Amino acid sequence: MAKHNISFKLNGQQVNALVESRELLVHVIREQCGQTGTHIGCETSHCGVCTVDLNGESVKSCTVLAVQADGSEVMTVEGLAQNGVLHAVQEAFMQEHGLQCGFCTPGMLIRAYRFLQENPNPTEEEIRWGLSGNLCRCTGYQNIIKAVKVAAEKMQSV
Amino acid sequence: MATTAEDLAREDKLQGLGCSRKRKEDPRFIQGKGTYVDDVKLPGMLFADMVRSPYAHARIKSINKDKALALPGVHAVLTAADLKPLNLHWMPTLAGDVQAVLADEKVHLQYQEVAVVIADDRYIAADAVELVEVEYEPLPVLVDPHKALDDDAPILREDIKDKDNAGQGPRKHPNHIFSWEVGEQEATSRAFDEAEVVVKEEIYYPRVHPSPLETCGCVASFDKVKGSLMVYITSQAPHIVRTVVSMLSGLPESKVRIISPDIGGGFGNKVGIYPGYVTAIVASIVLGRPVKWVEDRMEHLSTTAWARDYYMTGELAADKNGRIKGLRVNVLADHGAFNSHAQPTKWPAGFFSICTGSYDIPVAYVKVDGVYTNKAPGGVAYRCSFRVTEAVYVIERMMDVLAQKLGIDRMELRMRNFVKPEQFPYHTALGWELDSGDYHTALTKVLKAVDYEGLIKEQAEKRSKGELMGIGVTTFTEVVGAGPSRNCDILGVGMFDSAEIRVHPTGSVIARMGTISQGQGHQTTYAQIIASELGIPSDEIQIEEGDTDTAPYGLGTYGSRSTPVGGAATAMAARKIHDKARKIAAHLLEASENDLEWDIDRFKVKGVPGAEKTMKEIAWAAYNRPPEGLEPGLEAVNYYDPPNFTYPFGAYLCVVDIDKYTGEVKVRRFYALDDCGTRINPMIIEGQIHGGLNEGFAVAMGQELPFDAEGNILGNTFMDYFIPTTMETPHWETDYTVTPSPHHPLGAKGVAESPHVGSIPCFTSAVVNAFAHKGVTHMNMPHTSFRVWQKIHELSLDKRE
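Worth saying up front: this structure is predicted, and the values here are computed from it rather than measured. (Residues numbered from 1 in each chain as written. Chains lettered and ligands numbered in written order. Predicted model: local features only at pLDDT ≥ 70, side-chain atom pairs only at ≥ 80, totals over all residues. Heavy atoms only, no water.)

Colleague: A description of the overall build of chain B should follow, citing residues and the corresponding values.
Modeller: A tally of helices and strands in chain B yields 19 helices and 32 strands. Scaling as 2.2 N^0.38, a compact globule of 801 residues should have a C-alpha radius of gyration of about 28 Å, and chain B matches this with 28 Å. Each of the three principal axes of chain B carries a C-alpha extent, and together these read 85 × 75 × 50 Å. Within chain B, the fraction of its 801 residues that count as buried is 65%. A sequence separation of at least 24 residues applies to 79% of the contacts in chain B between residues at least 6 apart. As displayed, chain B offers around 27,400 Å² of accessible surface, 50% of which is attributable to carbon and sulfur atoms. Taken together, the 83 basic and 107 acidic charged side chains of chain B have centroids lying 1 Å from each other. (Helix = DSSP H or I, 4+ residues; strand = E, 2+ residues; numbered from the N terminus. Rg over C-alpha atoms; globule rule 2.2 N^0.38 Å. Buried < 20%, exposed > 50% of the residue type's maximum accessible area, 1.4 Å probe, protein only. Contact = heavy atoms within 4.5 Å. Areas by Shrake-Rupley, 256 points an atom, 1.4 Å probe, with all protein chains shown as cover. Lys, Arg positive; Asp, Glu negative; His and termini not counted. Charge placed at Lys NZ, Arg CZ, Asp CG, Glu CD.)

Colleague: Any chance you could break down the overall build of chain A for me, citing the residues and the numbers?
Modeller: A tally of helices and strands in chain A yields 5 helices and 5 strands. From first element to last, N terminus to C terminus, chain A shows the α and β order β-β-α-β-β-β-α-α-α-α. On the principal axes, the C-alpha backbone points of chain A span a range of 45 × 30 × 25 Å. The 158 residues of chain A split such that 59% are buried. Within chain A, contacts between residues at least 6 apart in sequence are counted, and of these 54% link residues at least 24 apart. On chain A, roughly 6,100 Å² of surface is accessible, and the fraction owed to carbon and sulfur atoms is 47%. When the 12 positive and 16 negative side-chain charges of chain A are each reduced to one mean point, those points stand 3 Å apart.

Colleague: An account of the sheet that holds strand β11 (residues 217-223) of chain B is requested, with residue identities and associated values reported.
Modeller: Residues and elements named next belong to chain B. The mixed open sheet is built from 7 strands, whose spatial order is β3-β7-β1-β14-β11-β12-β13. Two strands in the sheet have a free side with no partner beyond their single neighbour: β3 (74-79) and β13 (256-259). Neighbour-to-neighbour, the strand axes of the sheet open up by a mean angle of 20°, direction not taken into account. For β3 and strand β7 (residues 113-119), the ladder comprises 5 bridges, and the chain directions are antiparallel. Its bridge partner being in β7, A76 is matched across the sheet by I118. Docked against the sheet, helix α8 (residues 275-287) engages β1 (46-52), β3, β7, β11, β12 (228-233) and β14 (291-294), running at close to 25° with respect to β11. (Pairing = 2+ DSSP bridges. Axes fitted to C-alpha atoms, helices over the stretch in contact; angles between N-to-C directions.)

Colleague: Requested: an account of the domain arrangement of chain A, with residues and values cited.
Modeller: All names here are of chain A. Splitting chain A by domain gives domain 1 (3-77) and domain 2 (88-157). Summarising the inter-unit geometry, the C-alpha centres of domain 1 and domain 2 are found 22 Å apart. On the side of domain 2, 14 residues touch domain 1, which itself brings 17 residues to the contact. Between domain 1 and domain 2 the total buried area reaches about 1,200 Å² when both faces are included, carbon and sulfur atoms providing 60% of it. A salt bridge links R114 to D53, with the nearest nitrogen and oxygen atoms 2.8 Å apart. Put simply, domain 1 and domain 2 have 8 residue pairs in polar contact (both at pLDDT 80 or more) between them. Looking at the side of domain 1 that touches domain 2, the elements that each hand over two or more residues are β3 (51-54) and β4 (57-60). (Domains from an automatic or database assignment. Buried area = accessible area lost by both parts, 1.4 Å probe. Salt bridge = Lys/Arg side-chain N within 4 Å of Asp/Glu carboxyl O. Polar contact = N/O pair within 3.5 Å; in protein donor to acceptor, adjacent residues only side chain to side chain.)

Colleague: Any details on the pairing of β11(B)? Residues and values, ideally.
Modeller: Residues and elements named next belong to chain B. Burial runs high along β11: 6 of the 7 residues are buried. As judged from the 4 bridges shared by β11 and β14, these two strands associate in the antiparallel manner. From the neighbouring strand, A220 faces β14, where its bridge partner is V291. Counting the residues in the hairpin turn of β11 and β12 gives 4 residues, including G227, whose phi is positive at 70°.

Colleague: Could you give an account of the domain arrangement of chain B, naming the residues involved and the relevant values?
Modeller: All names here are of chain B. On domain assignment, one finds that chain B holds domain 1 (5-34 + 497-640), domain 2 (37-139 + 215-263 + 270-303) and domain 3 (388-481 + 650-794). Between the C-alpha centres of domain 2 and domain 3 the distance comes to 40 Å. The partner domain 3 presents 9 residues to the 8 residues of domain 2 that form the contact. Summing the contributions of domain 2 and of domain 3, the shared interface buries around 700 Å²; its carbon and sulfur component is 61%. The interface formed by domain 2 and domain 3 includes 0 salt bridges. The interface formed by domain 2 and domain 3 contains 3 residue pairs in polar contact (both at pLDDT 80 or more). Considering only residue class, the side of domain 2 that touches domain 3 consists of 5 nonpolar, 2 polar and 1 charged. (Nonpolar A, V, L, I, M, F, W, Y, C, P; charged D, E, K, R; others polar.)

Colleague: Kindly report on the layout of surface pockets, identifying the contributing residues and their values.
Modeller: If you add up the space inside the largest pocket, you get close to 980 Å³. Taken together, 45 residues make up the lining of the largest pocket; nearest its centre are E43(A), D49(B), V294(B), D296(B) and E299(B). Among the secondary structure elements, those contributing two or more residues to the lining of the largest pocket are α1 (25-32) of chain A together with β1, α5 (122-131), β14 and α9 (297-303) of chain B. Considering every element that reaches the lining of the largest pocket, the biggest residue donor is α5(B), with 7 residues. Residue composition of the lining of the largest pocket, grouped by class: 21 nonpolar, 8 polar and 16 charged. (1 Å grid on protein atoms, 1.4 Å probe; cavity = no way out; pocket = protein on both sides within 12 Å on 5 of 7 lines; lining within 4 Å. Points joined across faces, edges and corners; volume = space filled by probe spheres on them.)

Colleague: Requested: an account of the interface of chain B and chain A, with residues and values cited.
Modeller: Listed as interface residues are 56 residues of chain B and, on the opposing side, 47 residues of chain A. Here chain B meets chain A over a buried area of about 4,300 Å², counting both sides, of which 55% is carbon and sulfur. For the chain B face of the interface with chain A, the top three residues by lost area are I30(B), Y123(B) and L213(B), together amounting to 19%. At the surface where chain B touches chain A, the tally comes to 5 salt bridges. Notably, a salt bridge pairs D39(B) with R30(A), separated by 2.9 Å at the nearest N-O pair. At the level of secondary structure, the elements contributing two or more residues to the side of chain B that touches chain A comprise α2 (26-30), α5 and α17 (682-701) of chain B. In terms of residue count, α17(B) provides more of the side of chain B that touches chain A than any other element does, 9 residues in total. For the side of chain B that touches chain A, a count of residues per class yields 23 nonpolar, 19 polar and 14 charged.

Colleague: Now, about empty space enclosed by the protein: what can you tell me, with residues and values included?
Modeller: All names here are of chain B. The full count for this structure, using the stated rule, is 8 cavities of 30 Å³ or more. In this structure, the largest cavity spans a volume of roughly 560 Å³. Lining the largest cavity are 39 residues; nearest its centre among them are Q520, T563, Q688, V751 and A752. Mapped onto the lining of the largest cavity, the elements with two or more residues apiece are α14 (522-534), α15 (562-589) and α17. Summarising the domain contributions, the lining of the largest cavity has at least three residues from each of domain 1 (5-34 + 497-640) and domain 3 (388-481 + 650-794). Approximately 160 Å³ is the volume found for the second largest cavity. Contributing to the lining of the second largest cavity are 15 residues, with T93, Q99, G272, I273 and S340 lying nearest its centre.

Colleague: Kindly report on the environment of R502(B), identifying the contributing residues and their values.
Modeller: Note on placement: R502(B) falls in strand β23 (residues 497-503). Setting aside chain neighbours within four positions, we find R502(B) in contact with S508(B), V509(B), I510(B), R512(B), L634(B) and E635(B).

Colleague: Account for the nonpolar core, with residues named and values stated.
Modeller: All names here are of chain B. Counting residues in each nonpolar core, the largest one holds 224 residues, and the members touching the most others are F351, F352, V368, L653, I658, F670 and F771. A per-element tally of this core places helix α10 (residues 388-406) first, with 11 residues. Once residues lying within four places of it in the same chain are set aside, the contact partners of F670 are Y652, L653, C654, L693, H731, W732, E733, S759, C762 and F763. (Core = buried A, V, L, I, M, F, W, Y, C linked by side-chain atoms within 4.5 Å.)

Colleague: Describe the sheet that holds β4(A), listing the residues and the values that go with them.
Modeller: The pairing of strands in a sheet comes from backbone hydrogen bonds and takes either a parallel or an antiparallel form. Residues and elements named next belong to chain A. An order of β2-β1-β5-β3-β4 is seen for the 5 strands of this open sheet, with the pairing classed as mixed. In this open sheet, the two edge strands, each paired with only one partner strand, are β2 (13-20) and β4. Strand-to-strand twist of the sheet, defined as the mean angle between neighbouring strand axes without regard to direction, takes the value 40°. Relative to strand β5 (residues 73-75), β3 is paired through 2 bridges, and the arrangement is antiparallel. Bridge pairing in β5 places L54 opposite V74. In this fold α1 packs onto β1 (3-10), β2, β3 and β5, with an angle of close to 115° to the strand it touches most, β2. Relative to β3, helix α3 (residues 105-118) is tilted by about 35°, and along the sheet it contacts β3, β4 and β5.

Below you can see the structure in the form of structure tokens.
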């Protein structure tokens, strides 16, 4: 199996990795880079627990090849807090009880982060549409939606 | 009771019982710092992957591992033949049957585990799986459980075909597992013979899968030098896993350490023991290296524990006024190829006999027959206590059917039959003692909140215009908190639970329980119980669960048993500490114990202002100068064996609008009133209810695991298996009443499963009600647009003007 040297920025840090052609980005992030906040739930792009930010877009890293990330900027849940200060979406998820088992949470947060960049002042309908690629089995979504709304308001007021 | 501002401030500081304390689990989860099984990485760790059967029923002619073993990076390929000398090719199930760990001569279901490959990484393991050559001889397949007991049905379980008992009583056919009867058959028949009105309905509860977002997996690590085994595992019941692993492996239980780390949802799916766990453990023992096995979603949906699959025939006998005279339910239960539903040992159909519901029913009879088919084994409690979802579904459906037959409003029929508040504790016809309830108040509150009269008027108007609007109702009672060890055990271990609390010299606390959170927030809520009992702030109380080396033995978290059993153990252990603290306080204050009174966080000498000792001062004294004759230290353990189950209840109402051209069902409103007794953390309760309602919505509106005639499972990916997204999920409205349990130390009953159990029949009730004026009495789930459209079309309601 051919191997490739790739390098990309993960949460602001330069990363070099030797990967197989077929190796998935999520496996490289979790196993080579040791950042296990990004999870694996379905391997078919449906559940969204593997969502990461790739060059400013939300992608499901279980169906992105690691070689596709060569030269790119990747952000995961571990990159949300800056200098020890939590991001507004993280604060809001805690405040509004937007998580239970925590398994979908990293994907939800990184998607919510990107969604609020795209639409800083969303309606509930827009939040529902914006997060529809991320499944949650625990919360019934209501508090997640509330948390995204609260985060948006907080980010607007800064 | 706090009276002054200063008292209130002291009480607030505790963040005890009844406050919406923010969760202590969250900081790690929102920063990606949780530790789930697949996050565990041990030095030298290998990966396991499964060779699975493409056939639902076939004889294995040969297995050739040569090509797989020749692949660089492959360490072993194990089959049943390799496990046989260790006597590990079969394993006992929690239901008294046995299940193949790796297929032994025959496969009984599609995707059954045939061989396990151990390799350096998951990619090599997956490659090697493709290189294992298995030759099969296909056999006739049994898919329809109604044909299981036919004379010419293919015999599935040749390993037990001559046994007249498969672990749960006598059986009448090689494909028969058990017959379970409860109640009075003759008296019930008489009630039906003499009744003025009788209704009967065939009701199918489809096979569904709990499907938490984290699949099942483990990391097994055997230390050859110490002879000890450590297993990180996705288990809702780590202590029982330890006992079973010890029994299977022959290792002393003291050398087996099971750790359930953070669990990415369970919902009943992670109670049992799966072949993947066993093979990873065996591989680690054989190879002397850690072995990780984590299944993918398709494996998860195809082979791990599913729920329901009950064909129920419900019958009610009543008088003309709607007073119920008797209930009869017959069930055909499809258990799949091995009987490995996870129920307490003596309950082959779980607590299905709670099917008399919230109603005063004089006589009842229930019979359940379980049969084998060529499908995955299961029948677990998906976000419910054992088979309670099925029971609530059948009685709530039958109440609607009876109301329709009699022309009595469904709410009124329920009001006429509710067990009355003064009848508690109420003994049901099928042997349960309902601890407490106030059903009339609950339903009345809901009807007022939603303006039921207004809805009825609106529906009449819509019907006159040919529009489809449905109003659904359920008024359910659950039985949870298993359970009293006199009638509840798993593999002989009584279903108690436990708590161990240690107060340190400076007054902070560590406490460990036999339960294990999978999102329920135990780390937050157990601390609140201790805070209120001991007067120590919640934030200074650490809660740990899931490590069998440190936590006291407990039966785990499922069947809403954590608060009813583990929560009770926590309160009782805290009270032991409280009692000792009182003795120490009396000594320090040179007063009699009887002269002391407890005030939030301290003991005071009655009538002597200023003579007081806080729990923190007492803790220090416990390690510094305890009274003579009293052991130093301040800690306690409690193993709580509940005197009874708890019986949470609720009243739900749902309004749907149906598009008569597409069959799309839009849930306009869902109002859920729950009574779980004393409420420990309202924020967490509400969150649990939202989640349970959504899982109920999923089951009612879309989930099913169908099979084709060859036993191929259809719908085993998230492409086909319905998990609601934000787009389908309705908005939830919640409400509550509080009727404490009289026998629980805190009055708490458990809550997280009520919304699942209660909402499913409510959705069906609403959908069916949309067609009730056309004479429709029941429609089977799932209520997908296509299926609903078929009903519309059958009734010619989709004609365009």
